[in-house]
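# Survey of secondary and tertiary structure
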Amino acid sequence: MLRLIAKRLLLAIPSLIGVVIVTFLLTRALPGDPAAYFAGPAATKVAIEQIRQKLGLDQSLPVQFVQYVRDLARGDMGSALTTGQPVAAEIRARLPASAELTLLGLIFSVAIAVPLGVLAATRPNSLIDHACRVVSTAGVSLPVFFTGLILVYVFYYQLGWAPAPLGRLDVFFSPPPQVTGFYLIDSVIAGDWGLFRASLNQLILPALTLCIFSLAPIARMTRASMLAVLASDFVRTARASGLSPFTVIYTYAFRNAMLPVVTTLGMVFSFLLGANVLVEKVFAWPGIGSYAVEALIASDFAPVQGFVLTMAVMYVALNLLIDILYGLIDPRVRIEA
Amino acid sequence: MSETIPLLDIRDLTVEFATRRGTVRAVQHIDISLAKGETLAIVGESGSGKSVTSYAVMRILDRAGRIAEGTVTFSGIDVSTMSEREMRNLRGREISMIFQNPRAALNPIRKVGHQIEDVLMQHAQAGSQDKTDKAIAILEQVRIARPQERYHAYPFELSGGMCQRVVIALALACRPQLLIADEPTTGLDVTTQKTVMDLIVELTRERAMSTILITHDLGLAAAYCDRVVVMEKGNVVETAASGSIFKAPAHAYTKRLMRATPRPGVALSDLLPEGETLPSAPKPKTNGAAEPRPSNREPLLVVDNLVKEYPRKGATPSLAKLFKRNGHAAAPELATFRAVDGISFTVHRGESVGLVGESGCGKSTTSTTVMRLIDVSSGSITFDGEDIGAIPAKSFARLPLRKRIQMVFQDPTDSLNPRFTAARAIADPILQLGDIKGSAAVRARCEELARQVGLPVELLDRFPHQLSGGQKARVGIARAIALNPDLVILDEPTAALDVSVQAVVLNLLQVLKEQLGMSYLFVSHDLHVVRLLCDRVIVMKAGSIVEEGSTEQVMSAPQADYTRELLAAVPHPPV
């Protein structure tokens, strides 16, 4: 197992180097002149040139790159031009917001989609099978911002059950002392249950929006994979041995069917993490996605580079986690390592 | 035997399946009864309903299948009216089942010991205190060496024969009264088949159990069973004691099945139904087909000291490099595994050579290397005077030489592209390498080939799933001979076919060889099939040749112990 982890980490190094190079080049290739943008519309040519020199943009690309890598090695991702804030600090503050939202959305999604898929597979063409199909099709065909807005309209505006969609916490609360950056966990650590409730209330609608969107791939994969496993020889053996339906479905079929589902989960999670920009916009969520988009529009190099790099690291970590999970479920993977 | 109450009594059983094309009756009004302690064989070809009958007894039919009529009485209780809960208590405890393909029959991600425990716990044969001890004891009873260690093994860590022992252990764990073995040894080597069958018979006799053996192999049925039931297309056509049924088969179908089974002392044409010869293939036309070549003793293929090595599992070069510190790197002699270990043989023009051995002996590696699909590690392969072993496998596919060596694969279904029609599959080599241009000319050649292999021309536009096993085998053969090759490698071409279809396909191969003057390298695990078609036989074991000689000599006076063992392991109906 340790070997597998070590091997995966070694394999991740080249891709991370690649990401560093590509993001550097891509941000340089972006249209727009950061110096001109930073100097403002009324600046003179000389002023722009001075800013360019200050930012080091007059240097050749290789020199800029070496400087960039040297800063990166010290943990310095540069500062955003628009706000002047260091990118590393900004990402550290915003990443937990996005991660908490995405994780909760995924947990909701798994909690609904996996049982739904299993039930649909064990009762093909039943009511629940059709329900599974309808829910997953609807979920994937409605755009995230639309479901988000509908949820806000119904639960905040009409019913008044949900708080205003304005960020991670109601204005009356102040964030818990930071340990993990996840408000839910930090508030529990601080023992502040009122705060826990408040942050959960804020989280539920956006998490539900992501959940609805990610239901489809997980439910469909669970159903398909369960159907294949239920038709396999070893399930027939289990049935012929008189094992109870629970043992057959859970111990024999479900654990085998989980393998492709785990892969799908990883893909869905990494996809959601980057793509929940719209949800963050709708719910005024101070996440990493909206941060990156704003920086991109402003031709602000440093945040974009920082964002892409963070995502790459997250992606590598996530894949590692999935491989480990795979190894835990399937003994055959352990041997290959 | 007949005066006592039967343990299992199947009366007027009809099983239906709901399919897209309406209801299909897989089994129609059959009667089978089995006495206590009796061993009964149900014999038949694919589609005869023999497996469906056993699933009906266990009530584990697919969702689409149901018992439409009749009763199944097990020790006085009607199984067909039992509730699902009662049925569960019966399964595994009173009636249990062994399946074919033992590796797939076990949960791949659960330790075999735990799988045995599941069954013991389900039927209250063990508690959480003694389950491990009991599971190990059962593994010991099915003669698994080092049972304590194997208890923790996963199915993929065990050989096929070992997996089948675990499946037997599962089936016998709760000491049932009836064991149904559905093709328990299909896919296992002949020597493994013998040990597995001997084990089943010994254990069931010891426990005074009744056994139903479902098989397509008449030899197996005769060797191990008291009585034989012959099924054809969902009907029981004959029931008789196994001692008499083969000496005096009463039903025409039984006779046909008997004839088609390869056995000592019969010629290839004897396998075909009485008075029937092969649908005569038209004489090849002079333009497209090859001229008959003289079958003199000119060597066509000379393999000299061929070696093929593979890296051992878990010792891939890149990993070895990564973890080479502290001198922990694998010793060089452990890093590779010799699948083929310095073998030499010759195939002459117009000759058929059989390559026989059990799984893992290197026969398939040899044939794929000769086919130039994989590269040799050392040694030479000379084809018609040219050293083709030196040509990398990657570039061989584009050489004109490719046309002259073709292959017929083991599984007629898996070796055809499911999205290609039969005509497209046959035309494929012509389009890739042939010199026939224009779709009309290619089509004409396909039709000619179809006639040659006895495939009705109107079937050419069908897809593989619309063809029967025998028809697919014919498509595979037509594809292989499309470019008039000199050498055809036949890799167990009939292993997946029923005996009656096998008889026809073997005869067809013989006719084609004579007509087209080809040489065959026939790879098989079954000496008796090889004998029918081949002039010479090579017996391989663990990557080396243990015996080589003319077929008659090897079969009648085998020199190597291993050959004797192989010959003795094949069960035969008493002729």
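Residues numbered from 1 in each chain as written. Chains lettered and ligands numbered in written order. Predicted model: local features only at pLDDT ≥ 70, side-chain atom pairs only at ≥ 80, totals over all residues. Heavy atoms only, no water.

### Considering the overall build of chain B
Per the secondary structure count, chain B includes 22 helices and 20 strands. Taken over C-alpha atoms, the radius of gyration comes to 26 Å for chain B, in line with the 25 Å a tight globule of 575 residues would show. With the C-alpha coordinates aligned to their principal axes, the bounding extent of chain B is approximately 70 × 70 × 50 Å. Expressed as a percentage of its 575 residues, the buried residues of chain B come to 53%. Sequence separation of at least 24 residues holds for 71% of the intrachain contacts in chain B that already meet a minimum separation of 6. Within the structure as shown, chain B displays about 24700 Å² of accessible surface, and the carbon and sulfur contribution to it stands at 50%. Within chain B, the 65 negative side-chain charges are centred at a point lying 5 Å from the centre of the 67 positive side-chain charges. (Helix = DSSP H or I, 4+ residues; strand = E, 2+ residues; numbered from the N terminus. Rg over C-alpha atoms; globule rule 2.2 N^0.38 Å. Buried < 20%, exposed > 50% of the residue type's maximum accessible area, 1.4 Å probe, protein only. Contact = heavy atoms within 4.5 Å. Areas by Shrake-Rupley, 256 points an atom, 1.4 Å probe, with all protein chains shown as cover. Lys, Arg positive; Asp, Glu negative; His and termini not counted. Charge placed at Lys NZ, Arg CZ, Asp CG, Glu CD.)

### Brief notes about the sheet that holds strand S1 (residues 8–19) of chain B
All names here are of chain B. Read from one edge of the open sheet, 4 strands run S2-S1-S4-S5, paired in antiparallel fashion. Each edge of the open sheet is held by one strand with a lone partner, namely strand S2 (22–34) and strand S5 (77–78). Note that S1 and S2 share 9 bridges and pair antiparallel. Following the sheet pairing, Asp 9 is matched in S2 by Ser 33. On the sheet, helix H1 (residues 50–58) packs against S1, S2 and strand S4 (65–74) and is oriented at approximately 105° with respect to S1. (Pairing = 2+ DSSP bridges. Axes fitted to C-alpha atoms, helices over the stretch in contact; angles between N-to-C directions.)

### Side note on the sheet that holds strand S9 (residues 227–232) of chain B
Residues and elements named next belong to chain B. Overall, mixed pairing links the 6 strands, which are arranged S6-S7-S8-S3-S9-S10 in an open sheet. Only two strands of the sheet have a single neighbouring strand rather than two, namely strand S6 (95–98) and strand S10 (235–241). Here the strands of the sheet are splayed against their neighbours by 20° on average, with no regard to which way each runs. Sheet topology places strand S3 (residues 39–43) next to S9; 4 bridges connect them, and they run parallel. In the sheet register, Ile 42 faces S9, and the bridge partner there is Val 229. Packed on one face of the sheet, H1 meets S3, S6, strand S7 (178–182), strand S8 (210–215) and S9 and runs near 145° to S6. In this fold helix H11 (residues 252–260) packs onto S3, S9 and S10, with an angle of close to 100° to the strand it touches most, S9.

### Some remarks on the packing of helix H5 (residues 87–122) of chain A against helix H14 (residues 301–329) of chain A
Residues and elements named next belong to chain A. It is the contact of H5 with H14, at a shortest axis distance of 10 Å, that shows an interaxial angle of 50°. One element, H5, and the other, H14, form an angle in the oblique class. Judged by the sense of rotation from one axis to the other, the crossing of H5 with H14 is right-handed. In contact with Val 87, Ile 91 and Leu 95 of H5, H14 contributes Ala 302, Pro 303, Gly 306, Phe 307, Thr 310 and Met 314. The residue makeup of the contact of H5 with H14, split by class, is 7 nonpolar, 2 polar and no charged. (Parallel < 35°, antiparallel > 145°, perpendicular 65-115°, else oblique. Left-handed = near helix turned anticlockwise from the far one by under 90°. Nonpolar A, V, L, I, M, F, W, Y, C, P; charged D, E, K, R; others polar.)

### Quick word on the pattern of salt bridges
Residue and element names in this part refer to chain B. What the rule picks out here adds up to 41 salt bridges over all chains. A salt bridge links Arg 143 to Glu 202; its shortest N-O distance comes to 2.9 Å. Within this pair, whereas Arg 143 is found in the loop between helix H5 (131–141) and helix H6 (147–150), its partner Glu 202 is found in helix H8 (residues 190–206), the two being separated by 59 residues in sequence. On the basis of relative accessible area, Arg 143 is assigned to the partly exposed category, the value being 42%. Judged by relative accessible area, Glu 202 falls into the partly exposed class, the value being 36%. Residues joined in a network through salt bridges with shared partners are Glu 298, Arg 349, Asp 384, Arg 404 and Asp 486. (Salt bridge = Lys/Arg side-chain N within 4 Å of Asp/Glu carboxyl O.)

### Describing the domain arrangement of chain B
Residue and element names in this part refer to chain B. For chain B, the domain assignment lists domain 1 (1–94 + 177–260), domain 2 (103–175) and domain 3 (286–568). Of note, the centres of domain 1 and domain 3, computed from C-alpha atoms alone, are 36 Å apart. Between domain 1 and domain 3, the contact holds 9 residues from the first and 10 residues from the second. In this assembly, domain 1 packs against domain 3 so that about 940 Å² is buried in total across both faces, 49% of it on carbon and sulfur atoms. Inspection of the region where domain 1 meets domain 3 yields 0 salt bridges. Here domain 1 is connected to domain 3 by 5 residue pairs in polar contact (both at pLDDT 80 or more). Where the side of domain 1 that touches domain 3 is concerned, the elements lending two or more residues are H8 and H11. Broken down by element, the side of domain 1 that touches domain 3 gets its largest block of residues, 4 residues, from H8. Looking at the side of domain 1 that touches domain 3 residue by residue, the class counts come to 3 nonpolar, 3 polar and 3 charged. (Domains from an automatic or database assignment. Buried area = accessible area lost by both parts, 1.4 Å probe. Polar contact = N/O pair within 3.5 Å; in protein donor to acceptor, adjacent residues only side chain to side chain.)

### Structural notes on the confidence of the model for chain B
Averaged over all residues, the pLDDT of chain B equals 85, while 91% of them reach at least 70. Taken as a whole, residues 315–333 of chain B scores under 50 in pLDDT and shows 5 contacts with residues more than four places along the chain or in a different chain. (pLDDT = per-residue confidence, 0-100.)

### Thoughts on the packing of aromatic side chains
Summed over the entire model, instances satisfying the criterion amount to 9 aromatic pairs over all chains. With 5.7 Å between their ring centres and 25° between their planes, Phe 24 of chain A and Tyr 68 of chain A make a pair best called stacked. One end of the pair, Phe 24 of chain A, is in helix H1 (residues 2–29); the other, Tyr 68 of chain A, is in helix H4 (residues 61–73), with 44 residues separating them in the sequence. Pairing Phe 155 of chain A with Trp 161 of chain A gives two aromatic rings, centres 5.9 Å apart and planes at 45°, and the pair type is tilted. Trp 161 of chain A sits in the exposed class, given a relative accessible area of 64%. Through pairs of rings, three or more aromatic residues link up here, namely Phe 24, Phe 65 and Tyr 68 of chain A. Sitting above the plane of the Tyr 183 of chain A ring, Arg 168 of chain A keeps its charged end 3.7 Å from the centroid. A cation over a ring is seen here: Arg 424 of chain B above Phe 420 of chain B, with NZ or CZ 4.2 Å from the ring centre. (Phe/Tyr/Trp six-rings, centres within 6.5 Å; stacked < 30°, edge-to-face > 60°. Lys NZ or Arg CZ within 6 Å of the ring centre and 35° of its normal.)

### Describing a nonpolar patch on the surface
Residue and element names in this part refer to chain A. A cluster of nonpolar side chains, Leu 10, Ile 13, Ile 17, Ile 21, Val 22, Leu 25, Leu 26 and Leu 61, forms an exposed patch at the surface whose accessible area comes to about 690 Å². Looking at which element gives the most residues to the nonpolar patch, the answer is H1, with 7 residues. For Leu 61, a relative accessible area of 39% translates into the label partly exposed. (Patch = residues over 30% accessible without salt bridge, like charges linked within 9 Å, V, L, I, M, F, W, Y side chains within 5 Å.)

### Comments concerning the confidence of the model for chain A
Averaged over all residues, the pLDDT of chain A equals 85, while 98% of them reach at least 70. By mean pLDDT, helix H15 (residues 331–336) of chain A is the weakest element of chain A at 70, and helix H10 (residues 233–240) of chain A is the strongest at 92.

### Re the pairing of S4 of chain B
Residues and elements named next belong to chain B. Inspection of the sheet shows S1 paired to S4 by 8 bridges, in the antiparallel sense. Opposite Leu 8, over in S4, you have Phe 74 as the bridge partner. The pairing of S4 with S5 spans 2 bridges and is antiparallel. By the bridge assignment for S5, Phe 74 is matched with Ile 77. The antiparallel hairpin formed by S4 and S5 contains 2 residues in its connecting segment, where Ser 75 sits at a positive phi of about 35°.

### Topic: the domain arrangement of chain A
Domains assigned within chain A are domain 1 (2–73) and domain 2 (95–286). For domain 1 of chain A and domain 2 of chain A, the distance between their C-alpha centres works out to 36 Å.

### Description of the nonpolar core
Within the largest apolar cluster, 210 residues are counted, with the highest numbers of intra-cluster contacts made by Leu 8, Ile 168, Leu 178, Ile 180, Ile 212, Leu 512 and Leu 533 of chain B. Residue contacts for Ile 180 of chain B: discarding those within four places in its chain leaves Ser 54, Val 57, Met 58, Ile 95, Ser 96, Met 97, Ile 98, Ile 212 and Ile 214 of chain B. (Core = buried A, V, L, I, M, F, W, Y, C linked by side-chain atoms within 4.5 Å.)

### Considering the packing of H8 of chain B against helix H22 (residues 561–569) of chain B
Residues and elements named next belong to chain B. Two elements in contact, H8 and H22, have axes whose closest approach is 8 Å; the angle formed by their N-to-C orientations is 55°. As judged from the angle between their axes, H8 and H22 are oblique. Here H8 runs over H22; the crossing is left-handed. Within the contact between the two elements, H8 uses Val 190, Thr 191 and Lys 194 and H22 uses Glu 565, Leu 566, Ala 568 and Ala 569.

### Details of the pairing of strand S14 (residues 378–383) of chain B
The side chains of a regular strand alternate between the sheet's two faces. All names here are of chain B. Across 5 bridges, the pairing between strand S11 (residues 299–311) and S14 is antiparallel. Within S14, the residue paired with Val 307 across the bridge is Ser 378. Across 2 bridges, S14 lies against strand S15 (residues 386–387) in antiparallel orientation. Bridge pairing in S15 links Thr 382 to Asp 387. In this antiparallel pair of consecutive strands, S14 and S15, the connection spans 2 residues, and Asp 384 shows a positive phi of 50°.

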